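Below are the chains, spelled out letter by letter.
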Amino acid sequence: MSSDTITSITFPSAPNPTGAGTLDPFVAVVTPPNAYVLPSSETRLRMQECTVSPHPALPPIPAWGYGRSGHMVSTPGPLLEAQASVRSLIRWDNALGAKELPYDLVVMPSDDAADPVQNHLGSEGVPPTAPMHAPIGWLSTHLHGGHTEPESDGWPDHMIEPGETQRCRYANDDDNADLGFGKVGAALWYHDHAMDATRLHVYAGLAGAYLVRHPGEADLGLPTSVEEGEAVLIIQDRNVDVAGDGSVRLLHKTTTDTSEFFGPLTLVNGKLWPRMTVRGAVARLRIYNGSNARYYRLHVLDDAGAVAHARVLVIGTDGGLLWKARPLAGDGSITLAPGERIDLLVDLRGLAGQHLYLVNSAQAPFSGDPAPADPTLPHPDERRPYPQVMRLDIKARRHGGHHHDADNAGLASVWDVLAGGAVMNPAFVRIAHSAGAPDPAVPPRYELPHAHGHRLVLLSESDPPGHLQLSELVADPAGSVQVQLPTDAAPQSYSPIDAGFYGTVGIMPVLKEWEVWRFLNTTGDTHPMHIHQVLFQPLGAAGTPYLVDGRYSQESHSTSQPLMPDPTATGRVFEPHETTGWKDTVRIDPGQLVTFAVRFDRVGRYVYHCHMIEHEDNEMMRPFVVTPLASAHGISHH
Ligand SMILES: [Cu+2]
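Residues numbered from 1 in each chain as written. Predicted model: local features only at pLDDT ≥ 70, side-chain atom pairs only at ≥ 80, totals over all residues.

J.: Please explain the overall build of the protein as it appears in this structure.
T.: Each helix and strand in the protein was counted, giving five helices and 43 strands. Taking 638 residues into account, the globule formula puts the C-alpha radius of gyration at 26 Å, and the protein, at 24 Å, falls close to it. A buried classification covers 52% of the 638 residues belonging to the protein. (Helix = DSSP H or I, 4+ residues; strand = E, 2+ residues; numbered from the N terminus. Rg over C-alpha atoms; globule rule 2.2 N^0.38 Å. Buried ≥ 20, exposed ≤ 12 C-beta atoms within 10 Å, placed from the backbone.)

This is the structure:
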């Protein structure tokens, strides 16, 4: 019935490493995972060896995944659905057969700026490297974005080996509910968080989506099931290697000067550059960046190659629905750092027989540079040899349709209602230093109480680059680090706390007291900072640009000149979903100071870290301890 239209947009194929033809885009078919609604009784999930089949032209590839009792093990794991404020109990069984990765690692000795070796499939004859200091097969599962008690949060050191079990209770409730901060339909995900091995275990496949369902979603008329047109899509980049017998394995390929993994192949729910059939009036795309280190700056294009953003509404992010839907107007693409989630509503009306394409224009490594003029062109120099992510095949409504095909003509009005400015999360408040005058164009503001603690954390890199660090700074007149905060008239002196994951605990927030955390990035890359336990917001409209180049030495923990605001540069303006929604991961661009308002309402030991997982495994992770009373060992409040 639906003959494909002639398309003027084309995307490159990859060579098939098995030698049999090419890996063509939009051949593999992706289906969104069907939900498993968590019961009140304990759910048992085993973590085990499995295979993934990214493309019909490739044999099955060994991986690690999750399986419920009596069900297949898959990667990504099953979509778990919890009801808002109903506790769920999960028993994570480490059922691995061996403490052995299902793939090899290679560290390539050289690179080429025009076509970096990470663009190429395979190990290119370089022998594998043993993973250093990584407890392979020792697992600790974390529910990312969860308002979780500390004993269930997946502390990196609390690892279990094959045959052992980690029992977790997940509250599925709202953090800071005593202040009335409600969330509607949070998009969480579960993944391994083992100390020093997270990058390797997540890369093996240990990740899956977890939605907290709130009745407010269905009340708005939003799709809340596969049948209604909701699709959970986890984007991950991968490389593969082929053995002499034709078998194909994943490959974690880095270089001596780029420790982050950037793979040339983009998988969505384990399928390479897939296509997905959508029907009806709208599609709800709940997109996860599940990659180790790659950012995605997503554009939606039509068959003519033109941006189709007038058809896209941004409706949610990490912590669920935004205050109101926002258009993805003009060339306004949307950027997802590793760990971040976005919820898009796409208007499909009148598109039967046509396609929409998701395309990635983000440079790797990412440092906040703008999109290229044509996002469909490959950019090998930016480690983006294949810009395509996936294709939506829009089909006419079909009566008595297959259960995988959404048929939601009954939801035809939801896009118009939300585009018209309906409030999606009436409990949303914008945290601000001052309440300001009421303004119907912006969410109600919550005035940050005057008494709040301050933290200042430097993101730094050694010279030559390689060792990354979070350095918590404390005011010290004799300190070696000079920083002028935007609110200060002159530079102040600070000393860094004994850093590293096992150094002195430097951040001890008091239960239910507000804190302002400032992250100052002295490195050349963007880092997505993730804080466990609660959701938060960046303060203000933008980051503050700083003079940092050559001024800070990680080796001597000192500044040669003060780190101070740069009056000639501009700060990264936060995207609407970052200021009208709840976040658990926010990216800090190079040379930017970004301020978060956070308030912890559970006592105990947690972590905060960069969510580029190679960085998290390389000291960009620190503990913090929430205490019932101000501790004598903590850093003083001021
Ligand atoms: Cu980082």
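Further notes follow.
J.: When you look at the nonpolar core in this model, what are you seeing that I'm missing?
T.: Across soluble globular proteins, nonpolar side chains show a tendency to be buried alongside one another. Counting 161 residues, the largest nonpolar core has I315 and L344 as its most contacted members. Residue assignment places this core across two domains, with domain 1 (14-419) and domain 2 (445-626) each supplying three or more. Contact partners of L344, with chain neighbours within four places excluded, come to L285, I287, V312, L313, V314 and I315. (Core = buried A, V, L, I, M, F, W, Y, C linked by C-beta atoms within 7 Å. Domains from an automatic or database assignment. Contact = placed C-beta atoms within 7 Å.)

J.: Would you mind showing me how to read the sheet that holds strand β6 (residues 79-83) here?
T.: By definition, the strands of a sheet pair up through backbone hydrogen bonds, in either a parallel or an antiparallel sense. In spatial order, the strands read β3-β6-β12-β11-β9; together these five strands make up an open sheet with mixed pairing. On the outer flanks of this sheet lie β3 (35-37) and β9 (141-144), each paired with one strand and no other. Recorded for the sheet is a direction-independent mean angle of 25 degrees between the axes of neighbouring strands. As paired strands, β3 and β6 are joined by three bridges and run parallel to one another. Residue pairing across strands places A35 opposite L79, the latter belonging to β6. (Pairing = 2+ DSSP bridges. Axes fitted to C-alpha atoms, helices over the stretch in contact; angles between N-to-C directions.)

J.: It is not clear to me how the domain arrangement of the protein should be interpreted in this structure. Could you clarify?
T.: Interface size, as often reported, equals the accessible area lost upon joining of the parts. Here the protein is partitioned into domain 1 (14-419) and domain 2 (445-626). For domain 1 versus domain 2, the separation of C-alpha centres amounts to 27 Å. Contact residues are listed per partner, giving 41 residues for domain 1 and 37 residues for domain 2. When contributions to the side of domain 1 that touches domain 2 are tallied by element, the ones reaching two or more residues are α1 (198-204), β21 (312-317) and β22 (320-327). The greatest single-element share of the side of domain 1 that touches domain 2, amounting to five residues, is contributed by β22. The residue makeup of the side of domain 1 that touches domain 2, split by class, is 15 nonpolar, 14 polar and 12 charged. (Nonpolar A, V, L, I, M, F, W, Y, C, P; charged D, E, K, R; others polar.)

J.: Looking at this structure, I do not really get unusual backbone geometry. What am I missing?
T.: Glycine aside, negative phi is the norm for most residues, and most peptide bonds take the trans geometry. With an omega of -5 degrees, the peptide bond between A364 and P365 qualifies as cis. Relative to the helices and strands, P365 is located in the loop between β25 (355-360) and β26 (388-395). Here the bond from D463 into P464 is cis, since omega is 5 degrees, no more than 30 degrees from zero. Secondary-structure assignment places P464 in the loop between β29 (453-461) and β30 (468-475).

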